[in-house]
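Residue-level structural notes
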Amino acid sequence: MIDMGMTDKQFNGFVRFLLDAVKDAIEEKEIEKKEEKLAKIADNLQKTLED
C-alpha cells in the first residue's frame, strides 16, 4: 500500500483548524476550561501522529 501525504491545501486547512483551536483556548478565561481545551488539542495532535 502506498502512503500518500497531504497536499498543500490539506496541510493549510489542518494548520488553520489547529490555529483556531489554539486561539480559542488562549481566549478562554476559565482556567479549568482552558486546560480542557488544551488537553483536547494535544490529544487530537497525538492521534494525528498515530494515524
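Rules used throughout
- Residues numbered from 1 in each chain as written.
- Predicted model: local features only at pLDDT ≥ 70, side-chain atom pairs only at ≥ 80, totals over all residues.
- Heavy atoms only, no water.
- Helix = DSSP H or I, 4+ residues; strand = E, 2+ residues; numbered from the N terminus.
- Rg over C-alpha atoms; globule rule 2.2 N^0.38 Å.
- Buried < 20%, exposed > 50% of the residue type's maximum accessible area, 1.4 Å probe, protein only.
- Areas by Shrake-Rupley, 256 points an atom, 1.4 Å probe, with all protein chains shown as cover.
- Lys, Arg positive; Asp, Glu negative; His and termini not counted.
- Charge placed at Lys NZ, Arg CZ, Asp CG, Glu CD.
- 1 Å grid on protein atoms, 1.4 Å probe; cavity = no way out; pocket = protein on both sides within 12 Å on 5 of 7 lines; lining within 4 Å.
- Points joined across faces, edges and corners; volume = space filled by probe spheres on them.
- Nonpolar A, V, L, I, M, F, W, Y, C, P; charged D, E, K, R; others polar.
- Salt bridge = Lys/Arg side-chain N within 4 Å of Asp/Glu carboxyl O.

Regarding its fold elements, the protein presents two helices and zero strands. A compact globule built from 51 residues would reach a C-alpha radius of gyration of about 10 Å, whereas the protein, at 14 Å, exceeds it by more than 25%. In terms of principal-axis extent, the alpha carbons of the protein reach across some 45 × 20 × 5 Å. Counting all 51 residues of the protein, 6% fall into the buried class. Here the protein displays about 5000 Å² of accessible surface, and carbon together with sulfur accounts for 58% of that area. Charged side chains of the protein number 9 positive and 13 negative; the gap between the two group centres comes to 6 Å.

Quick look at the layout of surface pockets now. One water molecule sets the probe size; rolling that probe over the atoms shows where empty space is left. Taken as a whole, the largest pocket holds about 220 Å³ of empty space. Lining of the largest pocket is provided by 13 residues; of these, Phe17, Ala21, Lys40, Ile41 and Asn44 occupy positions nearest its centre. Contributing elements (two or more residues each) for the lining of the largest pocket: helix H1 (8-27) and helix H2 (31-50). Among the elements that take part in the lining of the largest pocket, H1 stands out by supplying seven residues, more than any other. For the lining of the largest pocket, the residue count by class is seven nonpolar, two polar and four charged.

Per the counting criterion, the structure on display carries four salt bridges. A salt bridge links Glu28 to Lys37; its shortest N-O distance comes to 3.0 Å. For Lys37, a relative accessible area of 25% corresponds to the partly exposed category. Put simply, Lys47 and Asp43 hold a salt bridge, and the shortest N to O gap is 3.2 Å. With Lys47 and Asp43 both in helix H2, this residue pair falls four residues apart, about one helical turn. Its relative accessible area of 45% is what places Lys47 among the partly exposed residues. A relative accessible area of 37% means that Asp43 is categorised as partly exposed.

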